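Spelled out, the chains give:
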Amino acid sequence: MRRPDGHRALLVARIELRRTWRKLLGTTRGTLTLGGGGLMISLYSLALGAAALFLGGALVESDPHAVRLATTGAIGGLLGLVAFVTLQHAVKSTGEPDAADGLLTTIPYEDALAGLVVAEVGRVFAGLALPLLALTLGLAAGSAGVGVALVVLVGSVLVAVLGTLVGYGLGLVTKLVASRSAVVARHRASIGAFVSLALPVGWIALTTVPSMQTRVLRLVTRSPLSWIADAVLLALENPSADPVHAGVAAIALAGSLPLGSVACLWLAGRTWYADPIQPDHEFDADERTLSDRLLRGRVSTATRVVAQKSWLRTKRAPITVQYAVMPFFFLIYQLQTVVLEGVVSPTFPLTAGLASAAAAGAAFSLNPLGGEESVLPLTLTANVSGRNFVSGLVLAGALPGAALTTVIVVGVGLAAGTPPLTLGVALATALVVTVTAPAIAAGTGVAFPKFESSSVQGREVVVPSGWAFVGYFVVFGAAVAPAGLAFLFSVRDLFSLGGEPWLLGGGLTATVLLCLGCGAVGYSYAANRVATYRFD
Amino acid sequence: MCPPPAPAISTDGLTKRYGDTDAIVDLDLTVPRGSVFGFLGPNGAGKTSTIRILTTLTDPTSGTARVAGEPVSDRAAVVDHIGFLPEESPLYDELTGREQLEYIAGLRGHEDWERVESLLDRFDLSADADRRVETYSKGMKQKLGLVQALLHEPEVLILDEPTSGLDPRAARTVRDTISEVAAAETTVFLSTHILPVVEELADTVGVLYDGDLVAEGAPAELTDEIASGGTLEDVFLDVTSERPAEQ
């Protein structure tokens, strides 16, 4: 391991940042993200600056414990946020150089690593610079004073750089483990999908429990981790400030940066040159899988293999259908109610079932043509009719969807203490919707196909078009509205309609008819469109 | 009397193992300076593994290798002396052709813009040099990749399928360029499946099969000894015929 060359590292960083900028400006989505992000950051910075200007004086008057608590919380939050964002970024894309064969045979890897980390620091500060500037100016101009403003600025910059190094290092560790462990290599797609879902859900769940955050914070303030707060107290000329603690914390923070850099260099040397383990996917022609037992002899061979292909692709690369979990995020409010109040909302069984149905519909059928990617010419010229093909996609979503919906509705319903009749209606509604949703999705998917790939977590994937999503959710929403409203009126006893059997029955009947109608239209249209599709 | 110059590439007992699979077994290879070495072998024979070791992109399991006199364990020293064109040209889609070359020239500390322009011109890339690489055809990318490997006038040029995806005119340009750089004392390590290219350019040919070097010599010697005056293709088929070629 050698000391990186500064000139080369800066050159690599400059090109990396230029590429990021061009990537963002190269797509409508990227430009919108940039514009939206810029606007949000500007507004946030204004608010932060104003708060620092008018409320910064409170720091002077607050008791030392409150200052310690606030400083420790802010440092922990900034460090955690930057490290998390960088970790994700490193795992998805920046954890190794693009066109690595070229770069690593042009310059020593230490220079490349230094350049990538500097570029990552640049990206972090592209988001943090304005809020930090606003905070510093607000504090300096307000009654907190220039001394506090400088301490906050220097401390925040050091913490952000440390967060970047920690996140990047953890990203390299993740990549190293993924390339060395056979188990992780075999299941990395599933593990990645699980972690991607679990982390935001865990974060949301944690933020709903303020008492837990406060408890953690109080523990930290009693540890040396909060000594950096003494630097702020010193700047405030607070007599309880401990100069030794402040000095040790400052030295430790500044000293952790070269240590973090060396750790990243060491990890990159091992990660970038590791021989990745290639997991075997053994093929046994005689093996009868669960899908074989379910489908063989019951549907046409073409339909069966289309469904099996969809499942196999998802098993090997769940990221290709990751967008389908989106409906479950609509349950977060009800999940928060469960966590905070310990009460399961009576509408939760049906909403959970409908989320499962919406996911089942979106997973495999929302882009029948584009989802075939480069295999589409082969699919269209193979001896598979449009009906067989679309049936396979519908089966791929409906079968696992029905099982998942049943488990979710019954489980949540029992937890909520839903009466049997109401639970039965919720289950029947959710199942009918689950089975027909893939057909509805297929219809909107062929009407608004998408063939261009997008980068999802660093991998090029063809995801359904935005219009297909909109069309699907509009039709889906219209179809489930009667049963959904009837269920809501019944369990909430709105307009004194609680427990009226005709209401639930009527709502269910209307939804069944709408779903079957929309599903049949969607299925026929999709089958016909696939059968007659031409590359124009 | 001066000692003879060290060979451009030498390997001694080079072995690479992936799990239970041997990619290269005990490979001893010597490529003299200024020569063109044609490196042949069926798919899965171990050519790419050998190239990745010589370019320091992976470590050998055992044995040693030196490139331009430097051990491959000293990555920083080796990369100073080599130019490398892998099978997929390592380029950034978001940069223009000229920006890509300026970047590599800057990293190499070899900012000779006259040479950049002359190479762009030679490979018919001047008119497209200010377009982004993402708009290039495969052949154009291949040519740009070769230009960036040649920019700094390396001592050892390692090429993996350099003519793949090129039209006949571009392939001719690449072959002429290889001849020229070899004439200027650059050593060329050329891996390809296009045997006539090797037959035309190589001073020495090595055929790798199942990780073993099963034939080595001048093309004419090999065709005389093994194929009784046939072609290099006959030699290749003969020495790799014992087991199925695809691994």
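Residues numbered from 1 in each chain as written. Chains lettered and ligands numbered in written order. Predicted model: local features only at pLDDT ≥ 70, side-chain atom pairs only at ≥ 80, totals over all residues.

## Here's the deal with the overall build of chain A
Phase 1: The number of helices and strands found in chain A is 20 helices and 2 strands.
Phase 2: Each of the three principal axes of chain A carries a C-alpha extent, and together these read 75 × 65 × 40 Å.
Phase 3: Within chain A, the proportion of its 536 residues that are buried is 39%. (Helix = DSSP H or I, 4+ residues; strand = E, 2+ residues; numbered from the N terminus. Buried ≥ 20, exposed ≤ 12 C-beta atoms within 10 Å, placed from the backbone.)

## Details of the overall build of chain B
Phase 1: When its secondary structure is counted, chain B shows 9 helices and 10 strands.
Phase 2: Against the 2.2 N^0.38 benchmark of 18 Å for 247 residues, chain B shows a C-alpha radius of gyration of 18 Å, consistent with a compact globule.
Phase 3: The dimensions of chain B, computed from C-alpha atoms along their principal axes, are 50 × 45 × 40 Å.
Phase 4: Of all 247 residues assigned to chain B, the portion counted as buried reaches 47%. (Rg over C-alpha atoms; globule rule 2.2 N^0.38 Å.)

## A look at the pairing of strand β3 (residues 36-40) of chain B
All names here are of chain B.
Phase 1: With respect to burial, β3 is a largely interior element, 5 of its 5 residues being buried.
Phase 2: Pairing geometry for β3 and strand β9 (residues 204-209), over 4 bridges, is parallel. Bridging across to β9, F39 finds its partner in G206. (Pairing = 2+ DSSP bridges.)

## As for the sheet that holds strand β7 (residues 156-160) of chain B
Residues and elements named next belong to chain B.
Phase 1: Here 6 strands make up an open sheet; going across it, the order is β6-β7-β8-β3-β9-β10 and the pairing mixed. Both outer strands of the open sheet, β6 (82-85) and β10 (212-217), are each paired with one neighbouring strand and no more. Neighbour to neighbour, the strand axes of the sheet diverge by 15° on average, direction disregarded.
Phase 2: Packing of helix α6 (residues 168-183) onto the sheet brings it into contact with β3, β7 and β8 (187-191), and relative to β8 it is tilted by some 145°.
Phase 3: The strands touched by helix α9 (residues 232-239) within the sheet are β3, β9 and β10, with β9 carrying the most contacts at an inclination of about 30°. (Axes fitted to C-alpha atoms, helices over the stretch in contact; angles between N-to-C directions. Contact = placed C-beta atoms within 7 Å.)

## Remarks on the interface of chain B and chain A
By a frequent convention, interface size equals the accessible area lost on bringing the separate parts together.
Phase 1: Listed as interface residues are 21 residues of chain B and, on the opposing side, 19 residues of chain A.
Phase 2: Listing elements by their share of the side of chain B that touches chain A, those giving two or more residues are α2 (75-81), β6 and α3 (97-108) of chain B.
Phase 3: Per element, the largest residue contribution to the side of chain B that touches chain A is 5 residues, and it comes from α3(B).
Phase 4: Residue composition of the side of chain B that touches chain A, grouped by class: 13 nonpolar, 4 polar and 4 charged. (Nonpolar A, V, L, I, M, F, W, Y, C, P; charged D, E, K, R; others polar.)

## Quick look at the environment of A:A355
All names here are of chain A.
Phase 1: Relative to the assigned elements, A355 resides in helix α15 (residues 348-365).
Phase 2: Along the backbone, A355 and V325 are 30 residues apart, and their C-alpha atoms lie at a distance of 8.6 Å.
Phase 3: Leave out the neighbours within four places in its chain, and A355 touches P327, F328, F330 and L331.

## Quick look at the sheet that holds strand β1 (residues 9-18) of chain B
Within a beta sheet, neighbouring strands are joined by backbone hydrogen bonds and run either parallel or antiparallel to one another.
Residue and element names in this part refer to chain B.
Phase 1: The 4 strands lie next to each other as β2-β1-β4-β5, forming an open sheet whose pairing is antiparallel. With partners counted over all chains shown, the strands left at the sheet margins are β2 (21-31) and β5 (70-71), one partner each.
Phase 2: When β1 meets β2, the two strands line up antiparallel, connected through 7 bridges. Bridge assignment links L14 to a residue of β2, and that residue is L27.

## Overview of the domain arrangement of chain A
Phase 1: In terms of domains, chain A is made up of domain 1 (6-271) and domain 2 (290-531).
Phase 2: The C-alpha centroid of domain 2 of chain A is placed 39 Å from the C-alpha centroid of domain 1 of chain A. (Domains from an automatic or database assignment.)

## Observations concerning helix α18 (residues 420-447) of chain A
Residue and element names in this part refer to chain A.
Phase 1: With 28 residues, α18 extends 40 Å between its outermost C-alpha atoms, agreeing within 8% with the 40 Å of an ideal straight helix rising 1.5 Å per residue.
Phase 2: The axis of α18 is deflected most strongly, by about 35°, at T436, and proline P438 appears within four residues downstream.
Phase 3: Where burial is concerned, most of α18 is hidden: 21 out of the 28 residues are buried. (Expected span 1.5 Å × (residues − 1). Bend = angle between axes of the 7 residues up to and from the residue.)

## Here we look at the nonpolar core
Phase 1: Of all hydrophobic cores here, the largest spans 125 residues; its most connected members are A:V148, B:F189 and B:L190.
Phase 2: No other element matches helix α6 (residues 109-141) of chain A, which puts 13 residues into this core.
Phase 3: Among all residues touching A:V148, those that are not within four sequence positions of it are A:L59, A:L139, A:V232, A:A235 and A:L236.
Phase 4: Counting 65 residues, the second largest nonpolar core, distinct from the first, contains A:A324, A:L395, A:Y523 and A:A526. (Core = buried A, V, L, I, M, F, W, Y, C linked by C-beta atoms within 7 Å.)

## Some thoughts on the environment of A:L176
Residues and elements named next belong to chain A.
Phase 1: Examined against the element boundaries, L176 turns out to sit in helix α7 (residues 146-180).
Phase 2: A residue is classified by how many C-beta atoms lie within 10 Å of it, and L176, with 18 of them, is partly exposed.
Phase 3: Once the C-alpha coordinates of L176 and D275 are considered, the two residues, 99 residues apart in sequence, prove to be 10.0 Å apart.
Phase 4: When residues no more than four places from it in sequence are discounted, the contact partners of L176 are L267, R270, T271 and A274.

## Structural notes on helix α5 (residues 138-150) of chain B
Residues and elements named next belong to chain B.
Phase 1: The end-to-end C-alpha distance of α5, which contains 13 residues, comes to 19 Å, matching closely the 18 Å that a straight helix rising 1.5 Å per residue would cover.
Phase 2: With respect to burial, α5 is a largely interior element, 11 of its 13 residues being buried.
Phase 3: Of all the residues in α5, the buried ones are M140, K141, Q142, K143, L144, G145, L146, V147, Q148, A149 and L150.
Phase 4: For α5, the elements touching its buried residues are β6, α3, α4 (113-122), β7 and α6.

## Here's the deal with the environment of B:L159
Phase 1: Along the chain, the position of B:L159 falls in strand β7.
Phase 2: Once the C-alpha coordinates of B:L159 and B:A149 are considered, the two residues, 10 residues apart in sequence, prove to be 8.9 Å apart.

## Topic: the confidence of the model for chain B
Phase 1: Looking at chain B as a whole, its pLDDT mean stands at 88, while 96% of the residues score no less than 70.
Phase 2: Prediction confidence for the complex, expressed as pTM and ipTM, is 0.78 and 0.87 respectively. (pLDDT = per-residue confidence, 0-100.)

## Observations concerning the packing of helix α1 (residues 6-26) of chain A against α6(A)
Residue and element names in this part refer to chain A.
Phase 1: Remark: α1 packs on α6, axes separated minimally by 7 Å, with the N-to-C direction vectors making an angle of 45°. On the basis of their axis angle, the class for α1 and α6 is oblique. α6 is crossed by α1, and the crossing has right-handed handedness. Along its contact with α1, which presents R8, A9, L10, L11, V12, A13, E16, L17 and T20, the element α6 presents D111, A112, A114, G115, L116, V118, A119, G122 and R123.
Phase 2: When grouped by side-chain class, the residues that make up the contact of α1 with α6 number 11 nonpolar, 3 polar and 4 charged. (Parallel < 35°, antiparallel > 145°, perpendicular 65-115°, else oblique. Left-handed = near helix turned anticlockwise from the far one by under 90°.)

## Points about unusual backbone geometry
Residue and element names in this part refer to chain B.
Phase 1: You will see that T56, though not glycine, has its phi angle at about 70°, which is positive.
Phase 2: Note on T56: 26 C-beta atoms within 10 Å, which makes it buried.
Phase 3: A positive phi is found at D210, a non-glycine position, where the angle reads about 55°.

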